[in-house]
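# Reading the structure
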Amino acid sequence: MTGDIPLWAGIPAAVLLVAGGLLALVGSAGLLRFRDFFCRIHAPTLGNTLGAGCVLLASILVFSALDQRPVFHEILITLLLLLTSPVTAMLLMRAAVYRGQRQRGELK
C-alpha cells in the first residue's frame, strides 16, 4: 500500500467518515435523550448501523482506489452488520416485552 490516495477517492471518503461519525453521535445522543427503553434501543441501532456503514463504505472506496481491486472483507463486514444489528435490536425488544418491562423502560 504505497502512494497517496487519489482526490476522487479521498474527498468522498472524508465526507463519508464525517457523516458516519455524526450519525453514530446522533444515535448515541438518542440513547441518552429518550426515556422509554424501546425508543432508547431504536436510536442507537439506526444511528450506529448507518454510521458504521458509512465508515465501511469509505474504507471500501479508499482501499479499492489504492489496490485497484474490490475489497471483499469490508463488503462482508457491511453485510453482517446490516443483518445482525436489526436482529439484535428486535431480540432485545422482545425480551423486554416478555419480561414485562414496558412501563418506564428501565431494565434491572
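Provided above is the structure to which this section pertains.
Presented here is an overview of the structure given in this document. (Residues numbered from 1 in each chain as written. Predicted model: local features only at pLDDT ≥ 70, side-chain atom pairs only at ≥ 80, totals over all residues. Heavy atoms only, no water.)

## Here's the deal with the environment of Gly53
- Within the secondary structure layout, Gly53 lies in helix 2 (residues 37–67).
- Taking the C-alpha atoms as reference points, Gly53 and Glu74, 21 residues apart in sequence, are found 9.7 Å from one another. (Helix = DSSP H or I, 4+ residues; strand = E, 2+ residues; numbered from the N terminus.)

## Digging into the packing of aromatic side chains
- This model, assessed by the stated rule, comprises 1 aromatic pair.
- Where Phe37 meets Phe38, the ring centres are 5.5 Å apart and the plane angle is 75°; that geometry is what we call edge-to-face. Just as Phe37 is buried, Phe38 falls in that class too. (Phe/Tyr/Trp six-rings, centres within 6.5 Å; stacked < 30°, edge-to-face > 60°. Buried < 20%, exposed > 50% of the residue type's maximum accessible area, 1.4 Å probe, protein only.)

## Some points on the packing of helix 2 against helix 3 (residues 72–99)
- Running from N to C, helix 2 and helix 3 cross one another at 175°; their axes reach a closest spacing of 9 Å. Judged on the interaxial angle alone, helix 3 and helix 2 are roughly antiparallel.
- Grouping the constituent residues of the contact of helix 2 with helix 3 by class yields 17 nonpolar, 6 polar and 1 charged. (Axes fitted to C-alpha atoms, helices over the stretch in contact; angles between N-to-C directions. Parallel < 35°, antiparallel > 145°, perpendicular 65-115°, else oblique. Nonpolar A, V, L, I, M, F, W, Y, C, P; charged D, E, K, R; others polar.)

## What about a nonpolar patch on the surface?
- The grouping of Leu7, Ile11 and Val15 at the surface amounts to a nonpolar patch, some 320 Å² of accessible area in total.
- As for its position among the elements, Leu7 is in helix 1 (residues 7–33).
- Given a relative accessible area of 65%, Leu7 falls into the exposed group. (Patch = residues over 30% accessible without salt bridge, like charges linked within 9 Å, V, L, I, M, F, W, Y side chains within 5 Å. Areas by Shrake-Rupley, 256 points an atom, 1.4 Å probe, with all protein chains shown as cover. Salt bridge = Lys/Arg side-chain N within 4 Å of Asp/Glu carboxyl O.)

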